[in-house]
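Chains, contacts and geometry: an overview
Here's the letter readout for the chains.
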Amino acid sequence: MKNNPKVEENFLWDQNMKTHFTIPWTFPKLVVSSILLISILCIFYTVSYSNASNSYNQELSIIKTIHVIDQEIVPPVSSQKPKPPEKTSLHHIVFGIAASARLWDHRKKYIKLWWKPQQMRGIVWLDKAVKNGTDDHLLPPIKISRDTSKFKYKNPKGRRSAIRISRIVSDTLRLGLEDVRWFVMGDDDTFFVPDNLIRVLSKYDHNQFYYIGSSSESHLQNIHFSYGMAYGGGGFAISYPLAKALAKIQDRCIQRYPCLYGSDDRIQACMAELGVPLTKEPGFHQYDVYGSLLGLLAAHPVAPLISVHHLDVVEPIFPNVNRVQALQRLKVSINLDSAAVMQQSVCYDKTRSWTISVSWGYTVQIYRGIFSVREMEMPARTFLNWYKRADYTSFSFNTRPVSRHVCQKPFEYYLSNALYKNRNQTASEYVQHRVSSPECKWKMPDPSRIERVEVYKKPDPNLWDKPPRRNCCRILPTKKKGTMVIDVGVCGEDEVIEL
C-alpha cells in the first residue's frame, strides 16, 4: 500500500499545531498561580493586621476603662491622721503574786504600799485559804493555786511549792482577762515602782515573745542556777503571746525537770525550750544579799528603779524606822518624781575639797577628799553576799570597800521630806544621820557642820525616753547656816563631771 501524500501532510500539520498551542498554555498557568498565591498572602496579612489592630484597640479600651474605674472607686484622702497605737499603761499589765498563807498577814503590808486598786489588775496566789481581812479592798483578789501533786519533784533541798509558783503565770492567763499585754511575776515581799515598770515595758513590742527580768547580785547564785534566768522575787515580765505559748507546753515541760530546785529555774527551762532568751533590765532587783542596801541604792545603775526584793531579809532602807515605815517614806519621793528616784549624781565642792553623791529621793553622802566618778558609781560594800562565807569576788558586779579610815567615812543624810516648790521644781530635804566616830585630824573643813542638805530638781517624766545619762549636780551658794544647797538636773552643753 502506498503512502498518501495528502494524509501525511495533514498529520504533520496537526502535530505542529499541537506543539504550537501547548507552549502558550503552560506559561499562563504559572502566571495565574503566582497571582493567586500573592493575592492570598495579601488577604492573609491584611486580615491579620486588622485583627491585631482591633485587639490592640480593645486592650487600650480595657486599660482606659480600668483606669477610669480605679479613679472612681479610690476613696477620697482623709484629712484626719490615723490614731497612734495606745500606749502601754497599768491597765495592760496583770500581776501574778506568789504568796503563802503562813506569811500572808505580815507580807500583805508590803503589797498595800505599792498596789493601786483602781488602776491595777492582778491575783495573789496562795497555797490555801486565809481569813478575810478588813483591808482586802486595798489588795489584789486572792485565789488558791490548783493541786500539783501529779507533777514529780525530786530535789532534796527544795520545796514542792516551787511547782505551784512556777505555774502562776499560766494560771493567771487561763482566767481569760481582756486587753492584757504583759504578765508580771513577783513575790509577796517584793516592792514595785509601777510607773517605772510601765516605762520599761513600753520600750518593747508586746506582740512579740519577751521574757524580761534580771539576774541575782550573787555570782554564785547565777552560776548555780543560770545567768539566763530571771529571778521571780525581783520580778519578771512575760509578754501575752509568750504566756500563751508557755501555757500550752508548761505542764509537759515541768515533768521533764523534776530535779530542779525552784520555780524560776523551771520557768527558764521552759523558756529555753521555746527558744526565748532573757532580756535583762537592771532595774529589777532580786537583792540576794544581807545587811544594808545603802551601798547598792546610793549607787543605783543608770536605769529606772523597778523593784526591791527580800524586804524581810535586808535592813530597813532608812535608819531608825521599821521596814514598812521606811518604804512609806520612799513613796514620798516616788510620788513626786518616780523616774528619778535613786538616780545618782556626783559633784564636787572644790573650795572645801569634798565629793558629794546624791541618790535623789533617798540619800546624800559627803566625803572628805576628791573621789573620781568611776569610784563613786561602784556600790560600797555595806552588804554581805547571799553565801555569807563568800568574799567580794562573789558579787556579779563591781564593788568598792567601805573605808576604814575615819576621815574617809562618808557623812550620810537621809530623806526627811520632799515636796513641789512650784509646778516645775521639787524640793527635797536630807537630814544628817549622826553616828559616833573618832575625830578626824585632817586639816580640812569638817562636813559634820552640815546639818541638812536641800536638793532642787526639775521633774522629767520622759527621762527614760532618751539615751541613759547620769544627771549633773551643782553646789549652789547659800547663806543658810549648816545647810548645803544642791541643784540636780540634765547636764548642760559641754558640762562634765570632772575633778
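Computed from a predicted model, the values in this text were never measured in an experiment. (Residues numbered from 1 in each chain as written. Predicted model: local features only at pLDDT ≥ 70, side-chain atom pairs only at ≥ 80, totals over all residues. Heavy atoms only, no water.)

Observations concerning the overall build of the protein
In terms of regular secondary structure, the protein is built from eleven helices and 19 strands. In the protein, the share of contacts with a sequence separation of at least 24, taken over all contacts with a separation of at least 6, comes to 67%. With the model as given, the accessible surface of the protein reaches about 28,300 Å², and the carbon-plus-sulfur share is 56%. (Helix = DSSP H or I, 4+ residues; strand = E, 2+ residues; numbered from the N terminus. Contact = heavy atoms within 4.5 Å. Areas by Shrake-Rupley, 256 points an atom, 1.4 Å probe, with all protein chains shown as cover.)

A closer look at the state of the cysteines
Taken as a whole and assessed by the stated rule, the structure comprises four disulfides. One disulfide in the model links cysteine 407 with cysteine 440; its S-S distance is 1.9 Å. Between cysteine 407 and cysteine 440, the disulfide has an S-S torsion of 110° and is therefore right-handed. Taken together, the positions of cysteine 407 in the loop between β14 (383-385) and β15 (411-422) and cysteine 440 in the loop between β16 (425-432) and β17 (452-457) put the pair 33 residues apart, joining distant regions of the chain. An identical accessibility class is assigned to cysteine 407 and cysteine 440; each is buried. Each disulfide of the protein joins two cysteines, and with those cysteines numbered along the sequence the arrangement is 1-2, 3-7, 4-5, 6-8. (Disulfide = S-S within 2.5 Å. Buried < 20%, exposed > 50% of the residue type's maximum accessible area, 1.4 Å probe, protein only.)

A closer look at the sheet that holds strand β13 (residues 363-368)
An order of β11-β12-β13-β15-β16-β17-β19-β18 is seen for the eight strands of this open sheet, with the pairing classed as mixed. Strands with a single pairing partner mark the edges of an open sheet, and in this sheet they are β11 (344-349) and β18 (472-476). Strand-to-strand twist in this sheet, taken as the mean axis angle between neighbours without regard to direction, amounts to 25°. Of the strands in this sheet, β15, β16 and β17 are in contact with helix α10 (residues 323-337), which crosses β15 at around 40°. (Pairing = 2+ DSSP bridges. Axes fitted to C-alpha atoms, helices over the stretch in contact; angles between N-to-C directions.)

Observations regarding α10
Taking 1.5 Å per residue as the helical rise, α10 with its 15 residues ought to reach 21 Å, and the 22 Å between its terminal C-alpha atoms agrees with that figure. Among all positions of α10, only Ala326, Leu327, Leu330, Ser333, Ile334, Leu336 and Asp337 are buried. Its side-chain oxygen placed 3.2 Å from the backbone nitrogen of valine 324, asparagine 322 serves as the N-cap of α10. (Expected span 1.5 Å × (residues − 1). Polar contact = N/O pair within 3.5 Å; in protein donor to acceptor, adjacent residues only side chain to side chain.)

Topic: the packing of aromatic side chains
The description of two aromatic rings rests on the distance between their centres and on the angle between their planes. Per the counting criterion, the structure on display carries 19 aromatic pairs. Residues phenylalanine 95 and tryptophan 114 carry aromatic rings whose centres are separated by 5.2 Å and whose planes lie at 50° to one another, so their mutual orientation is tilted. Taken as a pair, phenylalanine 95 in strand β1 (residues 93-98) and tryptophan 114 in helix α2 (residues 104-114) lie far apart in primary sequence, 19 residues in all. In this structure, phenylalanine 95 and tryptophan 114 share a single accessibility class: buried. Aromatic side chains phenylalanine 318 and tyrosine 362 sit 5.3 Å apart centroid to centroid with 70° between the ring planes, which places their arrangement in the edge-to-face category. (Phe/Tyr/Trp six-rings, centres within 6.5 Å; stacked < 30°, edge-to-face > 60°.)

Focus: the side chain of threonine 190
Tracing the sequence through the fold places threonine 190 in the loop between β4 (182-187) and β5 (191-192). A distance of 3.2 Å separates a polar side-chain atom of threonine 190 from the backbone nitrogen of aspartate 187. Reaching out from threonine 190, the side chain makes a polar contact with the backbone oxygen of glycine 233 at a distance of 2.6 Å. Discounting chain neighbours no more than four positions away, the residues touching threonine 190 are Trp114, Gly233, Ser307, Val308, His309 and Leu311.

Concerning the sheet that holds strand β8 (residues 279-280)
Here seven strands make up an open sheet; going across it, the order is β3-β2-β1-β4-β7-β6-β8 and the pairing mixed. Of all strands in the sheet, those bounded by a partner on one side alone are β3 (142-144) and β8. Where β1 meets β4, six bridges bridge the pair, whose relative direction is parallel. Along β4, the bridge assignment pairs isoleucine 97 with glycine 186. Against the sheet, helix α7 (residues 240-255) makes contact with β4, β6 (211-213) and β7 (236-239), and its axis sits at roughly 85° relative to β7, the strand it touches most.

Some thoughts on α2
Here α2 has its buried residues at Trp104, Arg107, Lys108, Tyr110, Ile111, Leu113 and Trp114. Against β1, β2 (121-126), β3, β5, α5 (194-201) and α10 lie the buried residues of α2.

Quick notes on the pattern of salt bridges
Per the stated rule, a full pass over the model turns up 23 salt bridges. Measuring nitrogen to oxygen at the nearest pair gives 2.6 Å for the salt bridge that ties arginine 256 to glutamate 273. With arginine 256 in the loop between α7 and α8 (263-274) and glutamate 273 in helix α8, the pair connects residues that are 17 residues apart, well separated along the chain. In this structure, arginine 434 and glutamate 451 form a salt bridge, with 2.6 Å as the shortest nitrogen-oxygen distance. Here arginine 434 is found in the loop between β16 and β17, whereas its partner glutamate 451 is found in the loop between β16 and β17, with 17 residues between them in sequence. (Salt bridge = Lys/Arg side-chain N within 4 Å of Asp/Glu carboxyl O.)

What to know about the pairing of strand β19 (residues 483-489)
Put simply, side chains in a regular strand alternate between the two faces of the sheet. The buried fraction of β19 is high, at six of seven residues. Pairing between β17 and β19: six bridges, direction parallel. Counted as the bridge partner of valine 455 is isoleucine 486 from β19. Across five bridges, the pairing between β18 and β19 is antiparallel. When the sheet's bridge partners are listed, arginine 474 is paired in β19 with aspartate 487. Hairpin connection between β18 and β19: a loop of six residues separates the two successive antiparallel strands, and glycine 482 in this loop has a positive phi of roughly 70°.

Interpretation in functional terms is not warranted from these geometric data alone.
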